Structures are given as structure tokens and as C-alpha cells.
Amino acid sequence: MANIVSVSSNELGNRRQQLRRQRRQRLVQILWQGLAVSSLTGGVFWALNQPIWLIRQPEQVTIEGNQLLSDARIRDLLPLSYPQSLWQIQPQDLAKILESQGQIASATVTRELFPPRLTIKIQERRPVAIAQPSPTLTRRSDASGVGWLDANGGWIPLESYAKLERSRQLPSLKVIGNPDQYRPHWTQMYETLSRSPVVVYEINWQNPANLMITTEIGVVHLGAYSSQFTQQLRVLDQMRNLPEQVDLALVDYIDLQNPSSPVIQMLPEP
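This is a predicted model, so every value here is computed, not measured.

(A) Geometry of the nonpolar core. Trp186, Met189 and Ile203 are the most contacted members of the largest nonpolar core, which has 28 residues in total. Every element with two or more residues in this core is listed here: strand E6 (127–132), helix H5 (179–195), strand E10 (200–204), strand E11 (211–215), strand E12 (219–223) and helix H6 (229–238). Excluding residues within four positions of it along the chain, Ile203 makes contact with Leu173, Lys174, Val175, Ile176, Trp186, Met189, Leu193, Leu211, Met212 and Ile213. The next biggest cluster of nonpolar side chains, apart from the first, holds 24 residues, and it includes Leu94, Leu118, Ile120 and Trp148.

Right, dumping it as C-alpha cells:
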């Protein structure tokens, strides 16, 4: 019985020593792991703050997808100061800032390491018409002034495209009136205009009860905008030979309020 007790005591002592060695080994492993992580973190932090990761000049910001806006114009919209660490720049924040501008519909910003630079891909809001408020609206303090319209009725500041060298790409169509009145109809209206062979130079929406358009044939009264706008343009297209029949200098306007029965209103005789 004494031998059994002695053996059990020796085994317990050996197990205690083994457990102590295991705990020391785990402690050493934890210390080495912590040291390795700290070293790695410090190394990464040191590497990220090296001068090679700096955006030093605007030319390191590459612009893609722009056709109307110049690269310099888009870079001016970015709240960047040079030099600036590439890692301090938040691409999503820059994209939101660009998209908040009237000229840009969508933007994607990515960071590139080799070489360090920013790549910005944008989709412009292409202007399709000049928006000019009516004279009564311009006298109000809340008038937005002259600007551009895109195909969806979005308003774009005039200065966004006013000084472009490629100004020949800008539209000549003019819309006069209160944007709050014609914007709900603008998308459908412009889609109809873009499909029509009739050249329209001006849309006067100052009187919603009588929409007037200036065309290659002359001034046309359409009445209130309605679903018959497409038919009105179709009838107007059929009247292209009007200059061969009537001296347009004597025509006041063409009345197409009833497209089934067009009326040519002549100027009063002197």
C-alpha cells in the first residue's frame, strides 16, 4: 500500500511540473505573438506614412468618362490639398461630393498603389436645353436663374459648361418659364422632341394654358400641354411645305391647339 501511495505522489508531482512547463510555453508563445503583431502593425503604419504614398499633385488624380467637363474642372471640385496621404482619402466621401454637384450624375473613386494615384470614373449629366426663368420669376429672390436642363429635368448651373472649348456640344434649345410647372412633363416632352424631325429652337412655357414653340417653320401655339403633343408635332411636320405656299414673314403664328384643324394666323395688314 505504501508503494502505491508513493507512486501516485510521484505521478502527481510530474504532472504538476508538466503543467507548469506548458503554462510557461503558452506564456512565451503569447508574448512572441504579441510582439510579432506589434511589430507588424508598426511596420504597416510606418510604411503607410512614407512619402511614396502621397498624392503630391493634381495630375495624380486620373479622370475617366468625362466628355464635356475638363479634367481640371473636375479636379477643382475635389476638396483635396496637396500633398496628401493616399490613405487619408476616403473614396466614398469624394464620390458623394462629386455626385452632389449638378454636373455629375454618378462617380466612382478608387485608390491605386503602384503608382500612387486616384482614379475617378464619372458619368456626366448631359445638358439638352437652356433653362431661362420667366421675367416675373427672375424678380423673385428665390429664382434659380439661367442654367441647363438634362433629359430628366435636372437643373445644372450655367457656369458648369459655359466656358468649355467644346461648346459646340452644348444645346441651343431654350426653355422659358417656371421649372416647377414644366419639370413634371419635361422627360416625356423631351423624348418626343428628340424623336421628331421638326427642329424646335425655343419652348415658351410662361403661360401653361398656351404652350408656344418656335420652330423652323415659325411660332406655333399648342394650348395646354397634353397627350396630343406628339400628334401636334406630326401635323407640324406635314406642314413643311408651308413656306412654298405662304410668305412666312406675313404669318403671326400657327395654331395647333386642335391638330385636326390647324389654323394659320396672319399678321394684320398695315
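(B) Region of interest: the environment of Ile52. Locating Ile52 in the fold gives a position in the loop between helix H1 (2–48) and strand E1 (54–55). You can call Ile52 exposed: its relative accessible area is 55%. Measuring from C-alpha to C-alpha, the distance between Ile52 and Pro115 comes to 8.7 Å, with 63 residues separating the pair along the chain.

(C) View of the pairing of strand E7 (residues 147–150). Pairing of E6 with E7 involves four bridges; the strand directions are antiparallel. Looking at the pairing, Ala129 lines up with Leu149 of E7. Pairing analysis gives three bridges linking E7 to strand E8 (residues 155–157), with the strands arranged antiparallel. For Gly147, the partnering residue across the bridge sits in E8 and is Pro157.

(D) Highlighting the sheet that holds strand E5 (residues 117–124). Within the open sheet, the three strands sit side by side as E2-E5-E4. Their pairing is mixed. One side of each edge strand has no neighbouring strand; the edge strands of this open sheet are strand E2 (61–64) and strand E4 (104–112). Going from strand to strand, the sheet's axes swing by 20° on average, the running direction of each strand aside. With four bridges connecting them, E2 and E5 associate as parallel partners. The residue of E5 that forms the bridge with Glu64 is Lys121. Along the sheet, helix H3 (residues 91–99) makes contact with E4 and E5, crossing E4 at roughly 155°.

(E) Just the environment of Glu59, in detail. Structurally, Glu59 is set in the loop between E1 and E2. Sequence-wise, Glu59 and Arg117 are 58 residues apart; in three dimensions their C-alpha atoms are separated by 8.6 Å.

(F) Fine view of the side chain of Asp255. In this structure, Asp255 sits in strand E13 (residues 251–255). Here Asp255 occupies a buried position and makes no salt bridge, while the nearest side chain of opposite charge, Arg234, is found at 17 Å. Separated by 3.0 Å, the side chain of Asp255 and the backbone nitrogen of Gln257 make a polar contact.

(G) Region of the structure containing the pattern of salt bridges. According to the stated counting rule, one finds six salt bridges in the structure shown. With a shortest N-O distance of 3.6 Å, Arg183 and Asp180 are connected by a salt bridge. Linking Arg183 with Asp180, this pair stays in helix H5, spanning three residues, or about one helical turn. A relative accessible area of 31% means that Arg183 is categorised as partly exposed. Taking the relative accessible area as the measure of exposure, Asp180 reaches 58% and is therefore exposed. Of the charged contacts in the structure, one is a salt bridge between Asp237 and Arg240, with a shortest N-O distance of 2.3 Å. On the basis of relative accessible area, Arg240 is assigned to the partly exposed category, the value being 35%. Shared partners join several salt bridges into a network, and the residues in it are Glu216, Asp237 and Arg240.

(H) Just H6, in detail. Considered for burial, the residues of H6 that qualify are Phe229, Gln232, Leu233, Val235 and Leu236. What you see down the axis of H6 is that its buried residues fit within an arc of 160°, all on one side. Looking at the buried positions of H6, the neighbouring elements they touch are H5, E11, E12 and E13.

(I) Representation of the side chain of Gln232. Mapped onto the fold, Gln232 is located in helix H6. Given the relative accessible area of 2%, Gln232 is considered buried. Reaching out from Gln232, the side chain makes a polar contact with the backbone oxygen of Leu222 at a distance of 3.0 Å. Excluding its chain neighbours within four sequence positions, the residues that come into contact with Gln232 are Leu222, Leu256, Gln257 and Pro259.

Cut-offs and rules
Along each chain, residue indices are assigned from 1 in the same order as the chain's sequence is written. Local features in this predicted model are restricted to residues of pLDDT 70 or higher, and side-chain atom pairs are both shown and tallied only at a pLDDT of 80 or more, whereas totals for entire chains, interfaces and linings draw on every residue. In computing side-chain properties, one takes all heavy atoms of the structure into account and sets aside hydrogens as well as water. We define the nonpolar core as a collection of buried residues of types Ala, Val, Leu, Ile, Met, Phe, Trp, Tyr and Cys that are connected through side-chain atoms lying within 4.5 Å of one another. Type-normalised accessible area, obtained with a 1.4 Å probe on protein chains alone, sets the label of each residue: buried when under 20%, exposed when over 50%, and partly exposed for intermediate values. Only DSSP runs of H or I reaching four residues or more are called helices, and only runs of E reaching two or more are called strands; each is numbered from the N terminus. Working rule for contacts: check all heavy atoms of both residues, and any pair within 4.5 Å makes them a contact. At least two DSSP bridges between two strands are required for those strands to pair. Only the stretch in contact is used when fitting a helix axis, every axis being a line fitted to C-alpha atoms; angles between N-to-C directions are given from 0 to 180 degrees. His is not counted, nor are the chain ends; Lys and Arg add positive charge and Asp and Glu add negative charge. Think of a salt bridge as a Lys or Arg side-chain nitrogen and an Asp or Glu carboxyl oxygen that are within 4 Å of each other. For the purposes of these results, a polar contact is taken to be a pair of N or O atoms within 3.5 Å, where, inside protein, one atom must be able to donate a hydrogen and its partner to accept one; residues adjacent in sequence count only when each atom of the pair is a side-chain atom. Here the arc refers to the directions that run from the helix axis out to each C-beta atom.

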